[in-house]
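# Commentary on secondary and tertiary structure
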Amino acid sequence: MNPERVPGSFRDPGGQVYRSGDRILRALHGEAAAAFRAFDSSRCLGALRERGFLVGFEALRDVAELPAADLWLEHPRLAVISHPYEWPFAVLREAALFHLDVQLVALDHGFKLRDASAYNVQFERGLPLFIDLPSFAPYVEGEHWFGHRQFCEQFLNPLLLRARFGVPHHAWYRGAPDGIATGDLYELCGWRDWLSPRHLMHVLLPVRLQRWASRRPSTVGHAAARPLPRTALRALLEGLRAWIGALTPRGHSRTTWSEYESDNSYEAAARQVKHRVIREFVAARKPRLMLDVGCNSGEYSALALDEGATQVVGLDSDIGALDAACERRARGRLALLPLYMDVANPSPGQGWRQQEFPRFNERVQPDTVLALAVVHHLALGRNIPLAEVIATLVSQAGAGLVEFVPKDDPTARRMLALKRDIFPDYGAEQFSAQLARVARIVAVTPIPSSGRVIYEFERDAR
Amino acid sequence: VKGYRGILLQLLLPICLMLAAPADAQAYLDPGTGSILLQGLIAAVAAAVMVLRGRWIRLRDFLFRRGRKPEVPTDRQPQDEP
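What you are looking at is a predicted structure, and each value in this text was computed from that prediction instead of being measured.

### Overview of the overall build of chain B
- What chain B contains, in helices and strands, is three helices and zero strands.
- Listing every helix and strand of chain B by position from the N terminus yields α-α-α.
- When each of the 82 residues of chain B is scored for burial, the buried share is 26%.
- Roughly 6200 Å² of accessible area belongs to chain B as shown, and the carbon and sulfur atoms make up 63% of that amount.

Printed below as a string of structure tokens:
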């Protein structure tokens, strides 16, 4: 075994995550190892496990080949690691409520969370999981919630940005992966927010108090020394839970593509053909992880899950479409994770050495890909050369379905309405030839009376 | 009364001072300072509520006992008469 430390795992000196081939290991040292042993033998662990809140783990006995540590754990490898700046509003809200639920259960059993990082919540088959076990430590009566600021910046503030101001959090959060600073949100607030006790408590007061105390350093010590009763801490967590649970996304309810499904140009027969192709593909391939590029409201993702796909990650950059996909996910309790992603600008590697928050393709490695009605958006809408679009989509997974949309299709026409047709190399023949250069074409299915064609491909082994 | 004034001063003074502070004061402290101060304030409010509650209970007991004392024998008297 030759484990390598995961580059982004360095903030906590008490423990680090390692990778060895497909195995995920965790080293714990000193106090962190002792705290984990206390947690491991507590009722808290049982209560959290009973609710399915925690990632699995096993203590390793044979550690001779591993670097020195007081305790080694092994975790199951998660198929998807996603980041909060990719989560749509509803998923971020679900993660926030989940984090608070974990804290409340822990507090009832005499434990606390040492931090409130949104990156510690991950989604496996559609359900949230808490993955950072060394975050649990015994709760000492009277101590403050040290993760409050982090919780606000990584969960609450991005949600408020959309719920209060109608601005989606993705771009801002991606540019500030540690979260949206409360001081920045404060600048957006108006007099109305001073009348809201919750805004006052979690956004306005912390900023004003911090500014007030910057000239009176001794006040911080006095405040920190004042014991916060457990009932007050509980009320703080429950108050946040009630508030966040009632937040709803503002604006973007009728974006271009959220209505695509209901008013798109398909005839019923064409739709039937498309559904049949997807069903046959999924039934034959039995995908463990499918990537639905341009998932829109998740119609085809849901179809794939219904046909037996284990889980689907859907990508879209349309806020309204993502909201619709989240509704579909919640309604059907689907193993679908819709993510905000502009395929022409996917999440890059960022943070320390650009490795702390790895790029999207390192975190999500699907076995199959659906790219239906998406090629023309990239080739005609974003001017990306057709050959590059096809090569990039094919490189996502070993097999998939990719759809060609002709220039005279109503959606393509709408795209070209305001720009000159500068795409002489965009056509059915060129599409098929480019696909054949990078993959083996397994099946070709024309969609009746539309000029659209769905190709099933397998990645060329050459 | 002196005790109540103390509690009020302890709670209100920092809030008044804070609201009067210029909003553009340079925030050079640890970014978690605001959260810690907020929780210190909540802790102070919780402590004040506990003190006020204790005093209210004492006051209530005092008034209650003084008000009820004469009532108890008069209630019982008719039953004891025969």
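What follows continues from the structure just given.
### What to know about the nonpolar core
All names here are of chain A.
- Counting 121 residues, the largest nonpolar core has Phe 136, Phe 151 and Ile 244 as its most contacted members.
- Top element by residues in this core is helix H3 (residues 89-108). It accounts for 13 residues.
- Beyond its immediate stretch of four places on either side in the chain, Phe 151 contacts Ala 96, His 99, Leu 100, Ala 116, Trp 145, Leu 156, Leu 240 and Ile 244.
- Counting 23 residues, the second-largest nonpolar core is a separate cluster that includes Leu 336, Ala 399, Leu 401 and Ile 447.

### Examining the sheet that holds strand S3 (residues 23-28) of chain A
Residues and elements named next belong to chain A.
- Spatially, the five strands line up as an open sheet ordered S1-S2-S3-S5-S4, and their pairing is antiparallel. At either end of the open sheet lies a strand with only one pairing partner, and these are strand S1 (4-5) and strand S4 (58-59).
- Pairing analysis gives two bridges linking S4 to strand S5 (residues 71-75), with the strands arranged antiparallel. In the strand pairing of S5, Ala 59 is matched with Leu 73.

### A few points about helix H17 (residues 386-395) of chain A
- Within the sequence span of H17 of chain A, burial applies to Leu 386, Val 389, Ile 390, Leu 393 and Val 394 of chain A. Down the axis, H17 of chain A shows its buried residues gathered within 125° of arc, on one side only.

### Quick look at the sheet that holds strand S10 (residues 289-293) of chain A
Residues and elements named next belong to chain A.
- Reading across the sheet, the seven strands line up as S12-S11-S10-S13-S14-S16-S15 and stay open at both edges, with mixed pairing between neighbours. If you trace the sheet from one side to the other, it starts and ends with strand S12 (336-340) and strand S15 (439-446), each paired once. Averaged over all pairs of adjacent strands, the angle between their axes in this sheet comes to 20°, without regard to strand direction.
- One ladder, built from four bridges, connects strand S13 (residues 368-371) with strand S14 (residues 399-404); its direction is parallel. Residue pairing in the sheet places Thr 368 in a bridge with Ala 399 of S14.

### A short note on the packing of H3 of chain A against helix H4 (residues 148-165) of chain A
Residues and elements named next belong to chain A.
- At a minimum axis separation of 10 Å, H3 and H4 run at an interaxial angle of 145°. Considering the relative orientation of H3 and H4, their crossing is left-handed. Every residue of H4 that contacts H3 at Phe 89, Leu 92, Arg 93, Ala 95, Ala 96, His 99 and Leu 100 is listed here: Phe 151, Gln 154, Phe 155, Pro 158, Leu 159, Arg 162 and Ala 163.
- Among the residues forming the contact of H3 with H4, the class breakdown is ten nonpolar, two polar and two charged.

### Describing the environment of Leu 78 of chain A
All names here are of chain A.
- Looking at the secondary structure, you find Leu 78 in the loop between S5 and H3.
- For Leu 78, a relative accessible area of 15% translates into the label buried.
- It is 8.6 Å that separates the C-alpha atoms of Leu 78 and Phe 123, two residues lying 45 residues apart in sequence.

### What to know about the packing of H17 of chain A against helix H19 (residues 428-438) of chain A
All names here are of chain A.
- Two numbers describe how H17 lies on H19: the axes approach to 9 Å, and their chain directions differ by 45°. The angle between H17 and H19 places the two elements in the oblique class. Crossing geometry of H17 relative to H19 is assigned as right-handed. Taken together, the residues of H19 that come into contact with H17 (itself represented by Leu 386, Ala 387, Ile 390, Ala 391 and Val 394) are Gln 430, Phe 431, Gln 434, Leu 435 and Val 438.
- Along the lines of polarity and charge, the residues of the contact of H17 with H19 split into eight nonpolar, two polar and no charged.

### Focus on the pairing of strand S8 (residues 127-130) of chain A
- As defined by bridge partners, strand S7 (residues 121-124) of chain A adjoins S8 of chain A across four bridges and the pair is classed as antiparallel. Within S8 of chain A, the position partnered with Val 121 of chain A by the bridge is Phe 130 of chain A.

### Observations regarding the state of the cysteines
Residues and elements named next belong to chain A.
- Inspection of every chain in the model, using the stated rule, returns zero disulfides over all chains.
- The structure places no disulfide on Cys 152, whose sulfur is separated from the nearest cysteine sulfur, that of Cys 189, by 12 Å.
- We classify Cys 152 as buried; its relative accessible area is 1%.
- No disulfide involves Cys 326; its nearest neighbouring cysteine sulfur is the one of Cys 295, lying 8.7 Å away.
- On the basis of relative accessibility, which here comes to 5%, the residue Cys 326 falls in the buried class.

### A closer look at the pattern of salt bridges
Residue and element names in this part refer to chain A.
- For the structure shown, the criterion picks out 31 salt bridges over all chains.
- Among the salt bridges present, the one from Glu 94 reaches Arg 329, with a minimum N-O distance of 2.8 Å. Here Glu 94, found in helix H3, pairs with Arg 329, found in helix H14 (residues 319-332); they are 235 residues apart in sequence, far enough to count as distant.
- On the basis of relative accessibility, which here comes to 25%, the residue Glu 94 falls in the partly exposed class.
- Because the salt bridges share partners, they merge into one network encompassing Lys 274, Glu 403, Asp 409 and Arg 452.

### Some remarks on the side chain of Ser 9 of chain A
Residues and elements named next belong to chain A.
- Note on placement: Ser 9 falls in the loop between S1 and strand S2 (15-20).
- The buried category is assigned to Ser 9, whose relative accessible area is 14%.
- Among the polar contacts listed, one links the side chain of Ser 9 to the backbone nitrogen of Val 17, at a separation of 2.8 Å.
- Those residues in contact with Ser 9, other than ones at most four positions away along the chain, are Gly 15, Gln 16 and Val 17.

Cut-offs applied
- Residues numbered from 1 in each chain as written.
- Chains lettered and ligands numbered in written order.
- Predicted model: local features only at pLDDT ≥ 70, side-chain atom pairs only at ≥ 80, totals over all residues.
- Heavy atoms only, no water.
- Helix = DSSP H or I, 4+ residues; strand = E, 2+ residues; numbered from the N terminus.
- Buried < 20%, exposed > 50% of the residue type's maximum accessible area, 1.4 Å probe, protein only.
- Areas by Shrake-Rupley, 256 points an atom, 1.4 Å probe, with all protein chains shown as cover.
- Core = buried A, V, L, I, M, F, W, Y, C linked by side-chain atoms within 4.5 Å.
- Contact = heavy atoms within 4.5 Å.
- Pairing = 2+ DSSP bridges.
- Arc of directions from axis to C-beta.
- Axes fitted to C-alpha atoms, helices over the stretch in contact; angles between N-to-C directions.
- Left-handed = near helix turned anticlockwise from the far one by under 90°.
- Nonpolar A, V, L, I, M, F, W, Y, C, P; charged D, E, K, R; others polar.
- Parallel < 35°, antiparallel > 145°, perpendicular 65-115°, else oblique.
- Disulfide = S-S within 2.5 Å.
- Salt bridge = Lys/Arg side-chain N within 4 Å of Asp/Glu carboxyl O.
- Polar contact = N/O pair within 3.5 Å; in protein donor to acceptor, adjacent residues only side chain to side chain.

These results come straight from atomic positions and should not be treated as a statement about function.
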